[in-house]
Structures are given as structure tokens and as C-alpha cells.
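Residue-level structural notes
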Amino acid sequence: MTDEFIQPLLAWYDENKRILPWRDKHNAYYTWVSEIMLQQTRVEAVKPYFERFIRELPDIQALAVCPEEKLLKLWEGLGYYSRVRNMQLAAREMVEKYNGRLPDDFSLLISLKGIGSYTAGAIASIAYGVPVPAVDGNVFRVVTRMTEDQEDITRPAFRKKTEVRFIRTFFVVLFESIKQMDNDMFKVLVLCISGDKI
């Protein structure tokens, strides 16, 4: 089943992918900042915030030492201020433990404040080429459509079963096919199957 989806998906993505300021940079910091900003926020809305944030705080070190007032001002309009506060706590930990760099190990990434499994997977796969999935609700919706599964995707048992049985296998096959995974590939899959806007 995976082979029949991979080539059309890649062809569609090549033709339709958006130009995004954080894409194709293989910069773990850019990936992290964009993934946190994109939580509960549309892509088009994030672009100017991302560009301003990166201009003012170009690396983890700058984020770690930024005064809170400036940090919150840079985040103003994105909401959920705990996200940027957690980013700063994680940045301080990275300065202390990892020489101001995001680790390339999934288990270390997920241990940082404010980084869950989806964000850790996105950073590891996009920035470091580690074949781990970045699995969110969109991915679970696609899987249920592809497998005609009627289960409730919000149930933890479904999520665990689906991750183990299907998503990890599918992701590794897809990852090996393109050798350069971008977490937007899963969003593209959602668009291809559902026709919905993300």
C-alpha cells in the first residue's frame, strides 16, 4: 500500500510545495521555532512572526539570554505564551548541557521543556535526517482514511496501535524513498487524500 502513495505524493509535493522561510534550511533551530509557532496557528500567519523572531533571536544562545519583556513582545499575536517561555527554558538547558545546540537524539529532544514527540520527530527528521516520525492528528486522520478505520483517533489505544502498526513502517519507507524528510510531507498527504486546507 505504501508504494502506491509515495510517488504520486512526491510528485504532488514537488509541484505544489510552498516557499517557507524555515524550509530547506536543515537548521534545527529554525525547525524548532517554526514547529512551536505553528501549533494552533496557520502557516501564512506564522511567516512574518518567524522572520522577525529569527532576525532578533538568530540562535539558541540569543533566545536563552533574551529579556522576558522582549521575548513576549516578539511572540505577541501568536498567543499561548507558555510556548515561548518553555522555549526559553529549553534554550537555557541546551546552552548548559549541549553547547547551545539542539541535540540530534530523539530521546534527548523529547526531554526538553515544551518539546513533545511530534516536535522532536520533526526536528530529528528535518534537521538531522533521523528517520523518526512526526505524528500529529493530521497523520492519524490520513491513516484512518487509507485503512478505512472507523476508530476514534483521540483514543490513546488507537494512537499507540496505529503508530506501532502502520505509521512507523510507512514513515521509514517514505523516508528512505526521499532521503530528506520534511514534516510537511504528512500535511501534503492530508491534502492529497482529503482535499482539505491545513
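This write-up is about the structure you can find in this document. (Residues numbered from 1 in each chain as written. Predicted model: local features only at pLDDT ≥ 70, side-chain atom pairs only at ≥ 80, totals over all residues. Heavy atoms only, no water.)

**Some remarks on the overall build of the chain**
Note the following rule: In this description a helix means any DSSP run of H or I spanning at least four residues, a strand means any run of E spanning at least two, and both kinds are numbered starting from the N terminus. When accessible area is computed with a 1.4 Å probe and restricted to protein chains, residues below 20% of their type maximum are described as buried, those above 50% as exposed, and intermediate ones as partly exposed. In short, Shrake-Rupley with a 1.4 Å probe defines the accessible areas, and a residue's cover is counted only from the protein chains shown.
The helix and strand inventory of the chain stands at eleven helices and zero strands. The proportion of buried residues among the 198 residues of the chain is 47%. Of the roughly 10200 Å² of accessible surface on the chain, 50% is carried by carbon and sulfur atoms.

**With respect to the pattern of salt bridges**
The cut-off we apply is this: Salt bridge, as applied in this entry: a Lys or Arg side-chain nitrogen positioned within 4 Å of an Asp or Glu carboxyl oxygen.
One pass over the full model with this rule turns up six salt bridges. K47 is the partner of E44 in a salt bridge, and the nearest nitrogen-oxygen pair spans 3.3 Å. Taken as a pair, E44 and K47 lie in helix α3 (residues 43-56) at a separation of three residues, close to a single helical turn. Among the ionic pairs, E68 bridges to R85, the shortest N-O distance being 2.9 Å. Taken together, the residues E68 in helix α5 (residues 68-75) and R85 in helix α6 (residues 82-97) connect sequence positions 17 residues apart. Given a relative accessible area of 37%, R85 falls into the partly exposed group.

**Re the nonpolar core**
We apply this condition: Here, the term nonpolar core denotes a set of buried Ala, Val, Leu, Ile, Met, Phe, Trp, Tyr and Cys residues that are joined through side-chain atoms within 4.5 Å. The contact criterion used throughout is that any non-hydrogen atoms of two residues lie within 4.5 Å.
Ranked by size, the top nonpolar core spans 40 residues in total, and within it Y29, W32, F53, L57, L63 and L102 carry the most contacts. Elements with a contribution of two residues or more to this core: α2 (28-37), α3, α4 (60-65), α5, α6 and α8 (117-128). Setting aside its immediate chain neighbours within four residues, W32 contacts I60, L63, M87, A90, A91, M94, L102, I115, T119 and I123. Formed by six residues, the second largest nonpolar core is a distinct cluster that contains V135, V139, F140 and I153.

**A few points about the environment of P103**
Tracing the sequence through the fold places P103 in the loop between α6 and α7 (106-110). P103 sits in the buried class, given a relative accessible area of 8%. Considered as a pair, P103 and A120 are 17 residues apart in the sequence and their alpha carbons are 9.8 Å apart. In contact with P103, not counting residues within four places along its chain, are M94, Y98, L108, L109, L112 and Y128.

**What to know about the environment of R85**
For the pair R85 and L71, spaced 14 residues apart in sequence, the C-alpha separation works out to 8.2 Å. Ignoring sequence-local partners within four residues, the contact set of R85 consists of E68 and L72.

**A short note on the packing of α3 against α5**
We apply this condition: Axes here mean lines fitted to C-alpha atoms, for a helix over just the part in contact, with angles spanning 0 to 180 degrees between N-to-C directions. Angles are sorted into four bins: roughly parallel if under 35 degrees, roughly antiparallel if over 145, roughly perpendicular if 65 to 115, and oblique for all others. The nonpolar class holds Ala, Val, Leu, Ile, Met, Phe, Trp, Tyr, Cys and Pro. Asp, Glu, Lys and Arg form the charged class, and all remaining residues, Gly among them, are polar.
Relative orientation of the contacting elements α3 and α5 amounts to 155 degrees, with a least axis distance of 9 Å. As judged from the angle between their axes, α3 and α5 are roughly antiparallel. The residues of α5 that touch α3, namely those facing Y49, R52, F53 and E56, are K70, L71, K73, L74 and W75. Looking at the contact of α3 with α5 residue by residue, the class counts come to five nonpolar, no polar and four charged.

**Quick look at the packing of aromatic side chains**
Defined as follows: Note on aromatic pairs: the rings of Phe, Tyr and Trp (six-membered ring only in Trp) are paired at centre separations within 6.5 Å, and the planes decide the class, stacked below 30 degrees, edge-to-face beyond 60, tilted for the rest.
Taken as a whole, this structure holds four aromatic pairs when the rule is applied. Residues W22 and F50 carry aromatic rings whose centres are separated by 5.1 Å and whose planes lie at 70 degrees to one another, so their mutual orientation is edge-to-face. Highlighted residues: W22 in the loop between α1 (2-16) and α2 and F50 in helix α3, separated in sequence by 28 residues. Exposure class is identical for W22 and F50. Each is buried.

**As for the packing of α2 against α6**
Geometry of a packed helix pair, given as the angle between the helix axes and the separation of the axes. To be explicit about the condition: Handedness of a helix crossing follows the sense of rotation of the near helix relative to the far helix, less than a right angle counterclockwise being left-handed and clockwise being right-handed.
Two numbers describe how α2 lies on α6: the axes approach to 10 Å, and their chain directions differ by 160 degrees. Relative to α6, the element α2 is oriented roughly antiparallel. The handedness of the crossing between α2 and α6 comes out as right-handed. Taken together, the residues of α6 that come into contact with α2 (itself represented by W32, V33, I36 and M37) are R83, M87, A90, A91 and M94.

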